[in-house]
Protein chains: 2
Amino acid sequence: MTLSLHERIRTDIESAILSGKLAPEDRLPVEHELMQTYQCSRMTVNKALSALAAAGLIERRKGAGSFVGRPHAHSMILDVPDLPVEVAKRGHVYGYQLLVRKLRAAARGNAEEELLAGGRRLLQLDGLHFADGAPLAVERRLVSLAAVPAIAEADLEKEPPGTWLLRHVPWTEAETRISAVPADAEIARLLKTPAGTACLLVERQTWRSSERITAVRQYFLGTAYHLVARFGSSRP
Amino acid sequence: MTLSLHERIRTDIESAILSGKLAPEDRLPVEHELMQTYQCSRMTVNKALSALAAAGLIERRKGAGSFVGRPHAHSMILDVPDLPVEVAKRGHVYGYQLLVRKLRAAARGNAEEELLAGGRRLLQLDGLHFADGAPLAVERRLVSLAAVPAIAEADLEKEPPGTWLLRHVPWTEAETRISAVPADAEIARLLKTPAGTACLLVERQTWRSSERITAVRQYFLGTAYHLVARFGSSRP
DNA sequence: TTGCGCCATATGTCTATACATTCTAAGGTG
DNA sequence: CACCTTAGAATGTATAGACATATGGCGCAA
């Protein structure tokens, strides 16, 4: 793969930063120096530096120069995978079974559900995810019909609602809460495991510019699933 | 705030996509059309579209055109906070107790430990995190003395090693694995909870440009702690 | 009808230049 | 010494043009 010039400049500086050759707060060469170094026009250098700034690796200050940004030491990139894809990637056969499909109003007094419903009805979708035929996770999802009317006609028997939503509904904001809980009687029955088994609980809500789209609770069998978050080196 | 022209083009298209006016797989106007629409040069249009492509909102195919991308599993930002700070933020009093401080060689046959040690010795640091006096998490950490010789002299009785490392050792890469496990006998005893209690297990390794620095396992009391990850489309 | 090659189309990259905007530091003044 | 002004430095934005390269459709030939 031959890199274009601005890509080469970008990766050169990127590796200098990641290897520690350039420390946080260090000043980068100014654009005119890089023009000399790479024998190219300022626009090309600018494109490389702008990309690094967009990625958060450097900070550019008009009139002052470009500086290596401090690594925001407290935030990592968490991949929020599509389950069928993720299961396949781990070499298993994915399966899905829809258990409950129910059009209903928001539960009275449940502020979460009322916010999600937005005055209209909710579609409740409960289901089971399987890996190699064994239960992997129980999913309880609510979808706002106000936000996604099209889902009323979707065929969700084979394709899990998460995948359908991923393919049809763009979102602008999402929040995921991760915790560990013991399986209650029903979760345990569905996952074919003793009650009290440690489960990874993933709760996620998604919005499209302040309009709530869906809220989901996924109970993963603790021993069968894990999430991975990364910082660094995985930059496209 | 007055947007520059390429920002205006970008946000125009972005909102058209997010609002659903432009559906996934739709074709965008070609660059020359946008030049007409906005009465600007091709470079300006190109900058706007390139930014959208870098953000994953659109896909550009040389020779074919630009297309709205399928909404895909966005990566989310996971806050991995410093525990003392996080506990204080939730309004509790933080405490730490060092249980084990042991200089030792890597366990024979344990590939993980041997990689971390890099031929030299490891510092093993086990401890307990408290919130309002109640056990919150058990931590088992290994630090490479090859990478961080200074930690041999650090006072780690009061300050947890994670905080010390954060303040003294820059790192470039980290990987966190999150799962749910039942507490074994020892974890349960330390957390003052029955054996088998659901615990959130956070395993993290950090590197400084391919040199391993530290590996840590933290067992959180499931009912007392959770992690939050966010995705927001608002770019700075 | 099928397959191959060509060409219009669309994006990718780069140049050279121009002017705007913002920050820094030097130097002069009270 | 403190404060203000100002010149220069550095990035931000935009233009017009040039050549490179991948794509897909159309027409021609076997």
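None of the values given here were measured: they were computed from a predicted structure.

Quick notes on the packing of helix α2 (residues 31-38) of chain B against helix α3 (residues 42-54) of chain B
Residue and element names in this part refer to chain B.
Phase 1 of the analysis: Where α2 contacts α3, the axes come no closer than 9 Å and their chain directions differ by 110°. Our classification of the angle between α2 and α3 gives roughly perpendicular. When you trace α2 past α3, the crossing you get is right-handed. Across from E31, H32, L34 and M35 in α2, the residues of α3 making contact are R42, V45, N46 and L49.
Phase 2 of the analysis: Of the residues belonging to the contact of α2 with α3, the class tally is four nonpolar, two polar and two charged.

Details of α2 of chain B
Counting along an α-helix, one turn takes 3.6 residues, and residues three or four places apart therefore face a common direction.
All names here are of chain B.
Phase 1 of the analysis: Within α2 the residues assigned to the buried category are E31, L34 and Y38. All buried residues of α2 project into a common sector of 60° when viewed along the axis, lining one side. α2 presents H32 and Q36 as exposed residues on the side facing more than 90 degrees away from its buried surface.
Phase 2 of the analysis: Contacts from the buried residues of α2 go to α1 (5-18), α3 and β1 (58-61).
Phase 3 of the analysis: Positive phi appears at Q39, one or two residues downstream of α2, with a value of about 50°.

Here we look at the relation of the copies chain A and chain B
Phase 1 of the analysis: Rotating chain A by 177° about the axis while translating it 1.6 Å along that axis superimposes it on chain B, leaving an RMSD of 2.7 Å. Both copies are brought into coincidence by an operation consistent with a two-fold rotation axis. Residue L78 of chain A of chain A places its C-alpha closer to the rotation axis than any other residue of that unit, at 1.4 Å.
Phase 2 of the analysis: Both copies present the same face, since 90% of the interface residues in chain A are matched by interface residues at the equivalent positions in chain B.

A look at the protein's contact with DNA strand C
Phase 1 of the analysis: For DNA strand C, the set of nearby residues contains 26 residues, the closest of which are L5, S41 and T44 of chain A together with R42 and R60 of chain B.
Phase 2 of the analysis: Sugar and phosphate atoms represent 69% of those atoms of DNA strand C found within 4 Å of the protein.
Phase 3 of the analysis: K62 of chain A has a polar backbone atom sitting 3.3 Å from a sugar or linking oxygen of DNA strand C.
Phase 4 of the analysis: Measuring from a base nitrogen of DNA strand C, one finds a backbone N or O atom of G63 of chain B at 3.5 Å.
Phase 5 of the analysis: Of all the elements in the fold, those that place two or more residues in the surface near DNA strand C are α1 (5-18) and α3 (42-54) of chain A together with α3, β1 and β2 (65-68) of chain B.
Phase 6 of the analysis: Tallying contributions element by element places α3 of chain A first for the surface near DNA strand C, with four residues.
Phase 7 of the analysis: A class-by-class count of the residues in the surface near DNA strand C yields seven nonpolar, ten polar and nine charged.

So, the packing of α1 of chain B against α3 of chain B
Residue and element names in this part refer to chain B.
Phase 1 of the analysis: Orientation of α1 relative to α3, taken along the N-to-C sense of each, is 45°, at an axis distance of 8 Å. Here α1 lies oblique to α3, going by the angle between them. The handedness of the crossing between α1 and α3 comes out as right-handed. On α3, the residues touching L5, H6, I9, R10, I13 and E14 of α1 are T44, V45, K47, A48, L49, A51 and L52.
Phase 2 of the analysis: Broken down by class, the residue content of the contact of α1 with α3 amounts to eight nonpolar, two polar and three charged.

Some thoughts on the packing of aromatic side chains
Residues and elements named next belong to chain A.
Phase 1 of the analysis: Using the criterion set out here, one finds two aromatic pairs over all chains in the structure.
Phase 2 of the analysis: Judged by centre distance (4.1 Å) and plane angle (10°), the rings of F220 and Y225 are stacked. Each member of the pair F220 and Y225 is classed as buried.
Phase 3 of the analysis: Across from the ring centre of F67, 4.1 Å away, lies the NZ or CZ of R61, which sits over that ring.

Structural notes on the environment of G119 of chain A
Phase 1 of the analysis: With respect to the helices and strands, the residue G119 of chain A is situated in the loop between α5 (111-117) and β5 (122-131).
Phase 2 of the analysis: In this structure, the C-alpha to C-alpha distance between G119 of chain A and A146 of chain A, residues 27 residues apart in sequence, is 8.0 Å.

Conventions adopted
- Residues numbered from 1 in each chain as written.
- Chains lettered and ligands numbered in written order.
- Predicted model: local features only at pLDDT ≥ 70, side-chain atom pairs only at ≥ 80, totals over all residues.
- Heavy atoms only, no water.
- Axes fitted to C-alpha atoms, helices over the stretch in contact; angles between N-to-C directions.
- Helix = DSSP H or I, 4+ residues; strand = E, 2+ residues; numbered from the N terminus.
- Parallel < 35°, antiparallel > 145°, perpendicular 65-115°, else oblique.
- Left-handed = near helix turned anticlockwise from the far one by under 90°.
- Contact = heavy atoms within 4.5 Å.
- Nonpolar A, V, L, I, M, F, W, Y, C, P; charged D, E, K, R; others polar.
- Buried < 20%, exposed > 50% of the residue type's maximum accessible area, 1.4 Å probe, protein only.
- Arc of directions from axis to C-beta.
- Least-squares fit on C-alpha atoms with pLDDT ≥ 70 in both.
- Near = heavy atom within 4 Å.
- Polar contact = N/O pair within 3.5 Å; in protein donor to acceptor, adjacent residues only side chain to side chain.
- Phe/Tyr/Trp six-rings, centres within 6.5 Å; stacked < 30°, edge-to-face > 60°.
- Lys NZ or Arg CZ within 6 Å of the ring centre and 35° of its normal.

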